[in-house]
Amino acid sequence: TLPRVYVTRKIPPEGLKILSQSGEVQYELWDSDNPVPRQELLKRVRGVDGLVCVLTEKIDAEVLDAAGPNLKVLSTMSVGFDHLSLDELKKRGIRVGYTPDVLTDAVAELTVALLLTTSRRLVEATHEAKTGGWGTWRTLWLCGYELANSTVGILGLGRIGIAIAERLMPFKVKKFIYTDVAPRPELASQIQAEYVSMEELAKQKLFSQMKNTAIFINTSRGGVVNQEDLYEALSTGQIAAAGLDVTTPEPLPTNHPLFTLKNCVILPHIASASYTTRNAMSALAANNLLAGLRGEPMPKELKL
Ligand code: GLV
Ligand code: GLV
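Residues numbered from 1 in each chain as written. Chains lettered and ligands numbered in written order. Predicted model: local features only at pLDDT ≥ 70, side-chain atom pairs only at ≥ 80, totals over all residues.

### Looking at the overall build of the protein
Phase 1: Each helix and strand counted, the protein has 11 helices and 11 strands in total.
Phase 2: A sequence separation of at least 24 residues applies to 60% of the contacts in the protein between residues at least 6 apart. (Helix = DSSP H or I, 4+ residues; strand = E, 2+ residues; numbered from the N terminus. Contact = placed C-beta atoms within 7 Å.)

And the structure:
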């Protein structure tokens, strides 16, 4: 009999096609756009050989115990893996696939879009135009900040950080600085970025050390920022604006104070949301799963 696989979400069609056409697995799908309820997940994973998940599913000891010893491969349709208990997966010898690279262009584009949106106050501007605020052309009305001659700091210089910097260069950014767990000289040299220590960009100090013309963009995970400090910095003018594609929690409650700020643009975690990219992520997740179940190297495997 074929290996049994549970897919925790209606993933885009390219991935499902690969699973069906392979003839190598028998899969069951949570056939919805919404997350599978936890109790349902715990029930459905029982005895499976493979699991395909997305970032809303917390894959921890409880889920892995519910699945039992047959589970050999976990494939997440995401580049991030903070929803996975890596120690628990490693302990059980479960291999893990993820989806880097295929989403780099989409995430870099969205990040640049969010930076321009906030630096040039586009959301406020369309709101003014639509709601009668556009009385006449005024000299300093809706003025923002230019990327030309700016300094851009990148927290985490990986594939996506580099792709963002490459896209920003034509905007005549003056200088790139970056921080990461360690200097990454080969990558940094591609954009002539200067390394600064993590302490310098430590989260409790970050906003107070930034200039009042600074713009903060987050397209990684909500957890990297203290949202109370961010609210304080934005509401007191310590920094100019923020653009967030990720928050804590997600979704951010609609009555959250950050939503009251004109200088804060919040998106519902859509950085990789292009049709091309989401289908590519789905296909890669399917191919990772199949390779893992065959005992072959996965196209993109997380080293545990
Ligand atoms: C999106 O946030 C991802 O991790 O793919
Ligand atoms: C702007 O439209 C200008 O003419 O300066």
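### Focus on the sheet that holds strand β4 (residues 73-76)
Phase 1: Read from one edge of the open sheet, 5 strands run β2-β1-β3-β4-β5, paired in parallel fashion. Strands with a single pairing partner mark the edges of an open sheet, and in this sheet they are β2 (26-29) and β5 (95-97). For this sheet the average axis-to-axis angle between neighbouring strands, irrespective of direction, equals 15°.
Phase 2: Each of β1 (4-7), β3 (50-53), β4 and β5 touches helix α11 (residues 275-294); the most contacted strand, β4, lies at about 170° to it. (Pairing = 2+ DSSP bridges. Axes fitted to C-alpha atoms, helices over the stretch in contact; angles between N-to-C directions.)

### Quick notes on the nonpolar core
Phase 1: Judged by nonpolar contacts, the single largest core of 79 residues is most densely connected at Val5, Leu51 and Val52.
Phase 2: A per-element tally of this core places α11 first, with 9 residues.
Phase 3: Looking at which domains feed residues into this core, each of domain 1 (4-100 + 275-294) and domain 2 (104-266) gives three or more.
Phase 4: Beyond its immediate stretch of four places on either side in the chain, Val5 contacts Val25, Tyr27, Val48, Asp49, Gly50, Leu51, Val52 and Leu289. (Core = buried A, V, L, I, M, F, W, Y, C linked by C-beta atoms within 7 Å. Buried ≥ 20, exposed ≤ 12 C-beta atoms within 10 Å, placed from the backbone. Domains from an automatic or database assignment.)

### Some thoughts on the sheet that holds strand β11 (residues 264-266)
Phase 1: Pairing is parallel across the open sheet formed by 3 strands, whose spatial order is β9-β10-β11. Of all the strands in the sheet, just β9 (215-218) and β11 have a single pairing partner and so form its edges. Averaged over neighbouring strand pairs, the angle between their axes works out to 5° when direction is ignored.
Phase 2: Sheet topology places strand β10 (residues 241-244) next to β11; 3 bridges connect them, and they run parallel.

### A word on α11
Phase 1: The terminal C-alpha atoms of α11 lie 29 Å apart, and with 20 residues this matches the ideal 28 Å at 1.5 Å per residue to within 8%.
Phase 2: In terms of residue burial, α11 counts as a mostly covered element, since 15 of its 20 residues are buried.
Phase 3: Immediately downstream of α11, the backbone of Gly295 shows phi near 80°, a positive value. (Expected span 1.5 Å × (residues − 1).)

### Let's talk about the domain arrangement of the protein
Phase 1: For the protein, the domain assignment lists domain 1 (4-100 + 275-294) and domain 2 (104-266).
Phase 2: Placing a centre on the C-alpha atoms of domain 1 and another on those of domain 2 gives a separation of 33 Å.

### Concerning the pairing of β2
Phase 1: Taken together, the 4 bridges between β1 and β2 define a ladder with parallel strand orientation. Bridge assignment links Arg4 to a residue of β2, and that residue is Gln26.
Phase 2: With respect to chirality, the unit in which β1 leads through helix α1 (residues 13-22) into the neighbouring parallel β2 is right-handed. (Right-handed = clockwise from strand over helix to strand, strands pointing away.)

### Describing the packing of α1 against α11
Phase 1: Relative orientation of the contacting elements α1 and α11 amounts to 30°, with a least axis distance of 6 Å. Comparing their axes, α11 and α1 come out roughly parallel. On α11, the residues that touch Glu14, Gly15, Ile18, Leu19 and Ser22 of α1 are Asn279, Ser282, Ala283, Ala285, Ala286, Asn287 and Leu290.
Phase 2: For the contact of α1 with α11, a count of residues per class yields 6 nonpolar, 5 polar and 1 charged. (Parallel < 35°, antiparallel > 145°, perpendicular 65-115°, else oblique. Nonpolar A, V, L, I, M, F, W, Y, C, P; charged D, E, K, R; others polar.)

### Structural notes on unusual backbone geometry
Phase 1: Here the bond from Thr248 into Pro249 is cis, since omega is -10°, no more than 30 degrees from zero.
Phase 2: Following Glu250, the chain continues into Pro251 via a peptide bond in cis, with omega recorded as -5°.
Phase 3: Checked against the element boundaries, Pro251 lands in the loop between β10 and β11.
Phase 4: Its identity as a non-glycine residue notwithstanding, Leu142 has a phi of 60°, on the positive side.
Phase 5: Counting through the fold element by element, Leu142 comes out in the loop between α6 (122-131) and β6 (151-155).
Phase 6: By C-beta crowding, Leu142 is classed as partly exposed, having 14 other C-beta atoms within 10 Å.

### Some points on the packing of helix α5 (residues 104-119) against helix α7 (residues 159-168)
Phase 1: Close contact between α5 and α7 brings their axes to 9 Å; oriented N to C, the two are set at 55°. Relative to α7, the element α5 lies oblique. For the element pair α5 and α7, the recorded crossing hand is right-handed. Contact residues: α5 offers Thr104, Asp105, Val107, Ala108, Thr111 and Val112, while α7 offers Arg159, Ile160, Ala163, Ile164, Arg167 and Leu168.
Phase 2: Residue composition of the contact of α5 with α7, by class: 7 nonpolar, 2 polar and 3 charged. (Left-handed = near helix turned anticlockwise from the far one by under 90°.)

### Details of the pairing of β10
Phase 1: Residues of β10 alternate between two faces, with Ala241 and Gly243 on one and Ala242 and Leu244 on the opposite face, all of them buried.
Phase 2: When β9 meets β10, the two strands line up parallel, connected through 4 bridges. Bridge pairing in β10 links Ile215 to Ala241.
Phase 3: Assessed by its sense of winding, the connection that carries the chain from β9 through helix α10 (residues 227-235) to β10 is right-handed.

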